[in-house]
Amino acid sequence: MQTTILLITLVLMAATLAVILRALWATDGPPPSEDAPKTRTRMIWGLVVFGVIVSVASLREWPHTSAGSDAMVVKISSGQWWWDTDTTEIPLGQQIEFHVTSEDVNHGLGIYDSNMRLVVQVQAMPTYTNKVVHTFDTPGSYRILCMEFCGIAHHDMVSEFEVLEGSS
Ligand SMILES: [Cu+2]
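Computed from a predicted model, the values in this text were never measured in an experiment.

Colleague: What's the story with the domain arrangement of the chain in this structure? I'm lost.
Modeller: Interface extent is often summarised as the accessible area lost during association of the parts. Domain parsing of the chain yields domain 1 (2-59) and domain 2 (72-164). Of note, the centres of domain 1 and domain 2, computed from C-alpha atoms alone, are 42 Å apart.

See the structure below:
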């Protein structure tokens, strides 16, 4: 998936660069000053360097999508209007890779801590399994709420699990 996003971004960057080059080398308009070619070249290289820096900074492996080999997989399926998790106890400090899907319509998985602060979110989509990685560093009760209006009992899509110290 990351590779696909990277390739799409590079293609779009190339298209953007082509448009910029076309605009810079357009022959319409007032005659250019003598140092215009130098300025143009500097602008082009500046844009290329800027684009590469932005791409590298924003598209390298995202921490919430790359699980280590020792990550614990927790499967969560959903439907109108329920969540089904394959465990209700998650070990503290253990990297968790949530595999999230839906059996009917789109839902939004939101995991909230005991202060109702959102700590993880990902879309639950039919016929597709989204993955999101998180390591819980605070023990306690966590709630799963639906973040996308999915019908009359959307507000009832609530589930809970515990993050426990010393369990595995
Ligand atoms: Cu919902």
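From this point, the discussion proceeds with the structure in view.
Colleague: For this particular structure, what's the right way to read the sheet that holds strand β1 (residues 72-79)?
Modeller: The strands making up a sheet associate through hydrogen bonds between their backbones, and the pairing can be parallel or antiparallel. Across the sheet, four strands lie side by side as β2-β1-β4-β7; this open sheet has mixed pairing. Edge positions in the open sheet fall to β2 (82-85) and β7 (130-135), since each of these has one partner strand only. Across the sheet, the mean angle from the axis of one strand to that of its neighbour is 25°, orientation sign disregarded. In the sheet, β1 pairs with strand β4 (residues 95-102) via seven bridges, with the strands oriented parallel. Paired with Lys75 across the bridge in β4 is His99.

Colleague: When you look at the packing of aromatic side chains in this model, what are you seeing that I'm missing?
Modeller: Both the distance between ring centres and the angle between the ring planes are used here to describe each pair of aromatic rings. The final tally for this structure, using the stated rule, is five aromatic pairs. Pairing Phe98 with Phe136 gives two aromatic rings, centres 6.2 Å apart and planes at 90°, and the pair type is edge-to-face. With Phe98 in strand β4 and Phe136 in the loop between β7 and β8 (140-146), this pair connects stretches of sequence that are 38 residues apart. Look at Phe136 and Tyr142: their rings are 4.8 Å apart centre to centre, the planes differ by 65°, and that puts the pair in the edge-to-face class. Comparing Phe136 with Tyr142 shows no difference in burial state: the two are buried. Put simply, the rings of Phe98, Phe136, Tyr142 and Phe161 pair up and form one aromatic cluster.

Colleague: What is the right way to look at the sheet that holds strand β6 (residues 118-124) in this model?
Modeller: Sheet architecture is open: five strands sit in the order β3-β9-β8-β5-β6, paired in mixed fashion. In this open sheet, the two edge strands, each paired with only one partner strand, are β3 (89-91) and β6. With direction set aside, neighbouring strand axes in the sheet form an average angle of 25°. Sheet topology note: the strand β5 (residues 107-112)/β8 ladder contains four bridges and is antiparallel. Residue Leu109 lies in a different strand from β8, and its bridge partner there is Cys146.

Colleague: Quick question: what am I supposed to make of the coordination of the copper ion here?
Modeller: In ideal tetrahedral geometry, four donors around a metal make angles of 109.5 degrees, whereas ideal octahedral geometry with six donors gives angles of 90 or 180 degrees. With distances of 1.9 to 2.4 Å, the protein atoms coordinating the copper ion are Cys146 (SG), Glu148 (O), Cys150 (SG) and His154 (ND1). One can describe the donor arrangement at the copper ion as tetrahedral, given that its four donor atoms subtend angles of 86 to 124° at the metal. Residue Cys150 is classed as buried on the basis of its relative accessible area of 6%.

Colleague: What should I look at first to understand the nonpolar core in this one?
Modeller: General note: in soluble globular proteins, nonpolar side chains tend to be found buried as a group. Counting residues in hydrophobic clusters, the biggest one holds 21 residues, and the most contacted among them are Phe98, Ile111 and Phe136. Where this core is concerned, the elements lending two or more residues are β1, β4, β5, β6, β8 and β9 (158-164). Setting aside residues no more than four positions away along its own chain, Phe98 makes contact with Val74, Ile76, Ile90, Ile111, Asn130, Lys131, Val132, His134 and Phe136.

Colleague: Would you mind showing me how to read a nonpolar patch on the surface here?
Modeller: A contiguous nonpolar patch, built from Leu6, Leu7 and Leu10 and spanning about 250 Å² of accessible area, is present on the exposed surface. Secondary-structure assignment places Leu10 in helix α1 (residues 2-24). For Leu10, a relative accessible area of 42% puts it in the partly exposed group.

Colleague: Help me understand the packing of α1 against helix α2 (residues 36-59) in this model?
Modeller: In a packed pair of helices, the relevant descriptors are the angle between the two axes and the axis-to-axis distance. Relative to each other, α1 and α2 sit at 165°, their axes nearing to 11 Å. Taken together, α1 and α2 sit at an angle that is classed as roughly antiparallel. Where α1 crosses over α2, the two elements pack in a sense that is right-handed. Note on element contacts: α2 touches α1 through Arg40, Met43, Ile44, Leu47, Val48, Gly51, Val52, Ser55 and Leu59, opposite Gln2, Ile5, Leu6, Thr9, Met13, Leu17, Ile20, Leu21 and Leu24. A per-class count over the contact of α1 with α2 returns 13 nonpolar, four polar and one charged.

The rules behind these values
Within each chain, residues carry numbers counting from 1 in the order of the written sequence. Only residues with pLDDT of at least 70 are given local features in this predicted model, and only at 80 or more are side-chain atom pairs given and counted; all residues enter the totals for whole chains, interfaces and linings. Side-chain calculation: all heavy atoms of the structure are included, whereas hydrogens and water are not. Throughout the structure description, domain borders are defined by an automatic or database domain assignment. Pairs of strands are assigned from DSSP output, requiring at least two bridges between the strands. For the purposes of this entry, the term helix denotes a DSSP run of H or I that reaches at least four residues, the term strand denotes a run of E that reaches at least two, and both are numbered from the N terminus. A fitted line through C-alpha atoms serves as each axis, taken over the contacting stretch for helices, and the angle formed by two N-to-C directions is quoted from 0 to 180°. What counts as a ring pair is set by centres within 6.5 Å for rings of Phe, Tyr and Trp (its six-membered ring), and what kind of pair is set by the plane angle: stacked under 30 degrees, edge-to-face over 60, tilted for all other angles. Think of it in three bands: with a 1.4 Å probe and only protein chains considered, a residue is buried below 20% of the maximum accessible area for its type, exposed above 50%, and partly exposed in between. In this analysis a donor is any N, O or S atom within 2.8 Å of a metal ion (3.2 Å for sodium, potassium and calcium), and since water is not included, sites may seem incomplete. Geometry assignment treats four donors as tetrahedral when all angles are between 85 and 135 degrees, treats four as square planar and six as octahedral when opposite donors are over 155 degrees apart and all others between 65 and 115, and treats everything else as irregular. Take the buried Ala, Val, Leu, Ile, Met, Phe, Trp, Tyr and Cys residues and link them wherever side-chain atoms come within 4.5 Å; each set so joined is a nonpolar core. The contact criterion used throughout is that any non-hydrogen atoms of two residues lie within 4.5 Å. Residues qualify for a patch when their relative accessible area is over 30% and they have no salt bridge, like charges being joined within 9 Å and the nonpolar side chains of Val, Leu, Ile, Met, Phe, Trp and Tyr within 5 Å. With residues, only the protein chains shown are counted as cover, and all accessible areas are computed by Shrake-Rupley using a 1.4 Å probe. The salt bridge criterion pairs a side-chain nitrogen of Lys or Arg with a carboxyl oxygen of Asp or Glu, the two atoms within 4 Å. Roughly parallel refers to an angle under 35 degrees, roughly antiparallel to one over 145, roughly perpendicular to one between 65 and 115, and oblique to any angle outside these ranges. By the definition used in this description, the sense in which the near helix is turned from the far one sets the handedness, with an anticlockwise turn below a right angle giving left-handed and a clockwise turn giving right-handed. Gly is placed with the polar residues, together with every amino acid not listed as nonpolar (Ala, Val, Leu, Ile, Met, Phe, Trp, Tyr, Cys and Pro) or charged (Asp, Glu, Lys and Arg).

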